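What the coordinates show
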Amino acid sequence: MNDPDFENQLRSIQPSRPTRSLEERIARDLAPAPVVSAGVIPKKSLLESLLPAFGWAGVGAATAVVVMLSLNLTGAIGPQPPAPQINPDPVVTKAESAENATVRSEVVDASEEGFVDNGAQGVSRVVRYNSIERRKWTDASGAITLVEIPREDVVLVPASVQ
Amino acid sequence: MFATHADEPWHRCYRELAPKLLLFARQWMPSQADAEDVVQAAFVRFWKKHPTAEREHYPLLYAAVRTIALDTLRGNDRRIRRENAPEAEVPRDGDPCFDLAMEQAELAVAVDHSLRQLPGEQREVVVLKLWGDLTFQEIADMLGAPLNTVAARYRYALDKLRERMTTYERS
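Attention in this report is confined to the structure presented alongside it. (Residues numbered from 1 in each chain as written. Chains lettered and ligands numbered in written order. Predicted model: local features only at pLDDT ≥ 70, side-chain atom pairs only at ≥ 80, totals over all residues. Heavy atoms only, no water.)

Some points on the overall build of chain B
Where we set the bar: A helix here means a DSSP run of H or I that spans at least four residues, while a strand means a run of E at least two residues long, and both kinds are numbered starting from the N terminus. In this scheme, a residue with accessible area under 20% of its type's maximum is buried, one over 50% is exposed, and one in between is partly exposed, where area comes from a 1.4 Å probe on protein chains only. Throughout, a residue-residue contact means that at least one pair of heavy atoms, one from each residue, lies within 4.5 Å. Under the convention used here, a 1.4 Å probe and the Shrake-Rupley method define accessible areas, while residue burial counts only the protein chains that appear.
Within chain B, the regular secondary structure consists of seven helices and zero strands. In chain B, the succession of helices and strands from N to C terminus is α-α-α-α-α-α-α. Looking at chain B as a whole, 47% of its 171 residues qualify as buried. Partitioning the contacts of chain B with sequence separation of at least 6, the portion at a separation of at least 24 is 61%. Surface accessibility of chain B: about 8,800 Å² in total, with carbon and sulfur atoms responsible for 50%.

Below, the structure written as structure tokens:
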């Protein structure tokens, strides 16, 4: 038997067929991932378009302002001891070290942190003030220097217990 | 059940190549089930890269089968060595590689038996050439071997097959 005849004889033998499960397994692997939702992607609103540009930091800052305002405006709900007075006007004082220096203290936040028992002095409310102290002075050459110092004060306010 | 994906593009390629790929994978894998695992992995990997597979891409599919089969075999060898279990050696004789439910069942058994006795480098060339329908050039590219080397392996393998089949049929 020459080579072509022998090759044809070998080719006439068919390889074993795969089981049906192989086809199913491949079909499962090649199946497209399920689509959760279909439709036209809605056009972005102006806000959504601008948010990435300005960043979420702006949103966070705006939220913080709103929360601070609401804390100052709404006050306490229900009968509570009188809230400590926060002077809305900045306190302007003359610094002792420099003749022409001024110090402005501006309270930016105040929060109550519950009650503490001071023993003989009774019960007190704990109030935390966050403020910014601005120091400004002018030197001999006329240059103005402005320094902002964040401050945090915890004040105990005596509370009456009935 | 099978009509559900019979019209899908991959199915035409699968229907044409699956038995050939399986036979090719059987050159390394001891059982039909292991070979099917290899074909499954290779076919899925291939189809995801070539969703419009043409005839010219088919050598890549055979190459994927070869790579995955060898990787699997190496993994098995490592596992066997690790487990230090001599009885767990990979058997070289398993399910028949050819369809025995046909008129040429005896010839199929003879070919199967003779094929297993060929050196691996000759066996894979014969399988790719005769049943994979690849050209010598495609086989050479796939194996990274010179064209003349591939042709020589085929020639040697064919001679040995003829000789061993004659011996087998006589016995």
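Still more ground to cover, so stick around.
So, the side chain of B:D112
Residues and elements named next belong to chain B. For clarity, the threshold we go by: Residues adjacent in sequence count toward polar contacts only when both atoms are side-chain atoms; beyond that, a polar contact is any pair of N or O atoms within 3.5 Å, and within protein one must be able to donate a hydrogen and the other to accept it.
Here D112 lies in helix α4 (residues 105-116). Among the polar contacts made by the side chain of D112, one reaches the main-chain amide nitrogen of C97 at a distance of 3.0 Å. Ignoring any residue separated from it by four or fewer positions in sequence, one finds D112 in contact with P96, C97 and F98.

Quick word on the layout of surface pockets
Formally: A cavity here means a set of 1 Å grid points, computed over protein atoms only, where a 1.4 Å probe fits but cannot escape. A pocket is an open set with protein on both sides within 12 Å along at least 5 of 7 lines, and lining residues have an atom within 4 Å of a point. Grid points are joined across faces, edges and corners, and a volume is the space filled by probe spheres set on the points. Under the convention adopted here, Pro, Cys and the residues Ala, Val, Leu, Ile, Met, Phe, Trp and Tyr are nonpolar, Asp, Glu, Lys and Arg are charged, and Gly plus all remaining residues are polar.
Of the pockets and cavities examined, the second largest pocket occupies roughly 180 Å³. Lining the second largest pocket are A:R17, A:P18, A:T19, A:R20, A:E23, B:H11, B:Y14, B:R15, B:A18 and B:P19. Among the secondary structure elements, those contributing two or more residues to the lining of the second largest pocket are α2 (20-30) of chain A together with α1 (9-25) of chain B. Here the lining of the second largest pocket is composed, by residue class, of four nonpolar, two polar and four charged.

With respect to the interface of chain A and chain B
What counts here: Two parts placed together each lose some accessible area under a 1.4 Å probe, and the buried area is that loss summed for both. By salt bridge we mean one thing: a side-chain nitrogen of Lys or Arg within 4 Å of a carboxyl oxygen of Asp or Glu.
In this complex, chain A contributes 26 residues to the contact, which on the side of chain B involves 38 residues. When the two sides are added together, the surface that chain A and chain B hide from each other amounts to roughly 3,100 Å², 61% of it contributed by carbon and sulfur. Joining chain A to chain B, the criterion identifies four salt bridges. The closest approach of N and O atoms between B:E36 and A:R25, which form a salt bridge, is 3.9 Å. Contributing elements (two or more residues each) for the side of chain A that touches chain B: α1 (3-11) and α2 of chain A. Looking at the side of chain A that touches chain B element by element, the count peaks at 10 residues for α2(A). Residues of the side of chain A that touches chain B, tallied by class, amount to 10 nonpolar, seven polar and nine charged.

Regarding the side chain of B:Q32
In this fold, B:Q32 is placed in helix α2 (residues 32-49). Judged by its relative accessible area of 12%, B:Q32 falls in the buried class. Engagement of the side chain of B:Q32 in a polar contact is seen with the backbone oxygen of A:R17, the distance being 3.2 Å.

Overview of α1(A)
Let me state the cut-off plainly: By construction, the arc corresponds to the directions joining the helix axis to the C-beta atoms.
When α1(A) is considered as a whole, its buried residues turn out to be A:F6, A:E7 and A:L10. All buried residues of α1(A) fall inside an arc of 100 degrees around its axis, so they share one side. Structurally, α1(A) contributes buried residues whose contacts are with α4, α5 (120-131) and α7 (147-170) of chain B.

Re the nonpolar core
Cut-off, in case you're wondering: Throughout, nonpolar core names a set of buried Ala, Val, Leu, Ile, Met, Phe, Trp, Tyr and Cys residues whose side chains join them through atoms within 4.5 Å. Here the limits of each domain have been adopted from an automatic or database domain assignment.
Core analysis: the biggest nonpolar cluster contains 61 residues, and A:L10, B:F43, B:F98 and B:W131 have the highest contact counts within it. No other element matches α1(B), which puts 10 residues into this core. The two domains that each donate at least three residues to this core are domain 1 (1-95) and domain 2 (100-171) of chain B. Other than its neighbours up to four places away in sequence, B:F98 contacts A:I13, A:Q14, A:P15, A:S16, B:L23, B:A108, B:V111, B:D112, B:L115 and B:W131.

Observations regarding α5(B)
Residues and elements named next belong to chain B. So the rule is basically this: Helices are assigned an expected span. That span is 1.5 Å times one less than the residue count.
Compared with the 16 Å implied by 1.5 Å per residue over 12 residues, the 16 Å span of α5 between its first and last C-alpha is a close match. α5 sits mainly inside the fold: 10 of its 12 residues count as buried. Just downstream of α5 lies D133, where phi reads positive at about 60 degrees.

A short note on the packing of α1(A) against α7(B)
Helix-helix packing is characterised by the crossing angle of the two axes and by the distance between the axes. Under the convention used in this document: Lines fitted to C-alpha atoms define the axes, with helix axes restricted to the stretch in contact, and inter-axis angles between N-to-C directions lie between 0 and 180 degrees. Each angle is binned into one of four classes, with values under 35 degrees roughly parallel, values over 145 roughly antiparallel, values of 65 to 115 roughly perpendicular, and all other values oblique.
It is at 11 Å that the axes of α1(A) and α7(B) come closest, and there the two elements cross at 75 degrees. By the angle between their directions, the pair α1(A) and α7(B) is classed as roughly perpendicular. Across the interface between the two elements, A:D3, A:F6, A:E7 and A:L10 from α1(A) touch B:Y154, B:R155, B:L158, B:L161, B:R162 and B:M165 from α7(B). Within the contact of α1(A) with α7(B), the residues separate by chemical class into six nonpolar, no polar and four charged.

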